[in-house]
Structures are given as C-alpha cells and as structure tokens.
Amino acid sequence: MMKRLFAIILALLLVCAFAACDILEEFRDGYGDGWADPSPSDGGGLGEPSADNPGGGTNGDGKDGANGGGGSDGGNGEPELGGFPFPFSAADLYENPVTEASLGDKQVYFVHYWGTWCPPCVDEMPDLGAMAELYGGDVGFLALLQDYSTNLDGALNIVKASGVPKSFIMVDEQTPGLEKLANMLSTGYVPTTVLIGADGAMIGEPIIGAYGMGYSVMLDGSLGR
C-alpha cells in the first residue's frame, strides 16, 4: 500500500515539474522588453502581446505568404530587390515630401509603429537609429507615428536627440496608401514592428515590444546572413 502511494505521489510531482517548465518556456517566448497600449489617454501600461514568436520564420498575417529573404531569380538563392510595395505621398518629420521611392529598392523593409508618449518607444530610439545606419544599404526604414498630428515637434526632438538619420523616414500613421501596413501593425501595442519584402508580404510575425539592437537578429535572418 505504501509503495503504491509513493508511486502515485512521485508521478504527480513529475507531471507538475513538466508543466512548470512548459509555462516558463511560453513566458520567455511571449514577452518582449516592453510595450504599451497605443491609447495614450490611459497612460499606456503593460499588456500581453499577441505574438509569441518575434521575428519567426512563418507568415504573420496568414494572407500573403512569407518571403524568408530568398528570391526567385534563376535559382541562385539571392533575394530580389524591389521598390517599396505600398505607394504613398506624405511629409516626414522634417516636413519634407516623401514617397515610396524615398525608401529605395531594398531586399527588406523595416516598418515601425511608435508614439512619443510611449517610454519603451523613446528608450529604444537610439538603437533604431544605429540600425538604420548599419543596415541602410540593404533595408528600407519607415516609421508610422501615432501622434504625428498632435506632437510633431516632440517627435522631431526625440529623433534628433537619438541620432536617427533622415533616411529612417517617419510619417503619420494615417497616411493614405499605408492602410495595409497599419493593419499589419494593429496588434494593440506599441512599439510594434513588421518586416516586409518587396512583394508586400510580411516576413515572420509582428515584433511586439522594444527590442533595441535585438532587431538585428531578425534583419540578419531576413537578409540571409
């Protein structure tokens, strides 16, 4: 009788141990360094992200297919260059006119959604500027600013102080022509980032949270490095 009871207790302990490991692994995979509710009226706050595989290798929107960085160009595995796939016309933070052509012909486009009221967004801005300098030859950088119409001066001060180059184009989230991109970024949190190919397909899944230079891992993967 005692042996049977001991065996039952041991089995229960093993089940609990495995369950605890699974929960810890899901927690590590699912949470970024920081994110905020994109509604500034409630002061932001923390929330649970909807993506549990930042920068993963599967298509995030389930509609367009994934482009993992390799192209169909005669079988040599090199990705094809192409123009930014969403035509638009807007003014950047410096009130200069910009269009899709301003992003150049690139392998990958890094599209970022942020707000000046979001502390994680502001904190990672210097790293985003450094990445724009480092990857600018292969990647086009575009940001949609949530409070462009209400705090343009504040956004410009943040960007200048962070050393973000003008090649990292930042426009109003309401810019006509970028509706599909805005939909991709509609996770309920800022900052949110997506990588897209020249065909307009999302590469991986939306990257929720502030990852700083950690984005470089996803960029290297999408560029086949």
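The present account deals with the structure reproduced in this document. (Residues numbered from 1 in each chain as written. Predicted model: local features only at pLDDT ≥ 70, side-chain atom pairs only at ≥ 80, totals over all residues. Heavy atoms only, no water.)

### Details of the packing of aromatic side chains
All chains considered together, the criterion is met by eight aromatic pairs. Arranged with centres 6.0 Å apart and planes meeting at 85°, the rings of Phe 84 and Phe 88 form a pair that is edge-to-face. Both residues of the pair, Phe 84 and Phe 88, count as buried. Aromatic side chains Phe 110 and Tyr 215 sit 5.3 Å apart centroid to centroid with 90° between the ring planes, which places their arrangement in the edge-to-face category. With Phe 110 in strand β3 (residues 108-114) and Tyr 215 in helix α6 (residues 215-222), the pair connects residues that are 105 residues apart, well separated along the chain. Comparing Phe 110 with Tyr 215, the two get one shared label, buried. Stacked on the ring of Tyr 94, the Lys or Arg Lys 166 has its end atom at 4.7 Å from the ring centre. (Phe/Tyr/Trp six-rings, centres within 6.5 Å; stacked < 30°, edge-to-face > 60°. Buried < 20%, exposed > 50% of the residue type's maximum accessible area, 1.4 Å probe, protein only. Helix = DSSP H or I, 4+ residues; strand = E, 2+ residues; numbered from the N terminus. Lys NZ or Arg CZ within 6 Å of the ring centre and 35° of its normal.)

### Concerning empty space enclosed by the protein
In the structure shown here, the tally under the stated rule is one cavity of 30 Å³ or more. One number sums up the size of the largest cavity: a volume of about 50 Å³. Every residue lining the largest cavity is listed: Asp 92, Leu 93, Tyr 94, Val 159, Pro 165, Lys 166, Phe 168, Ile 169 and Met 170. Partitioned by chemical class, the residues of the lining of the largest cavity number seven nonpolar, no polar and two charged. (1 Å grid on protein atoms, 1.4 Å probe; cavity = no way out; pocket = protein on both sides within 12 Å on 5 of 7 lines; lining within 4 Å. Points joined across faces, edges and corners; volume = space filled by probe spheres on them. Nonpolar A, V, L, I, M, F, W, Y, C, P; charged D, E, K, R; others polar.)

### Observations concerning the pairing of strand β5 (residues 169-172)
Alignment of strand β4 (residues 139-145) against β5, held across four bridges, turns out to be parallel. Within β5, the residue paired with Leu 145 across the bridge is Asp 172. Crossover β4 to β5 through helix α4 (residues 152-162) is right-handed. (Pairing = 2+ DSSP bridges. Right-handed = clockwise from strand over helix to strand, strands pointing away.)

### Considering the sheet that holds β5
The strand order across the open sheet built from five strands is β5-β4-β3-β6-β7, with neighbouring strands paired in mixed fashion. Each edge of the open sheet is held by one strand with a lone partner, namely β5 and β7 (202-208). With direction set aside, neighbouring strand axes in the sheet form an average angle of 20°. Here β3 pairs with β4 via seven bridges, running parallel. When the bridges of β4 are listed, Tyr 113 appears paired with Leu 144. (Axes fitted to C-alpha atoms, helices over the stretch in contact; angles between N-to-C directions.)

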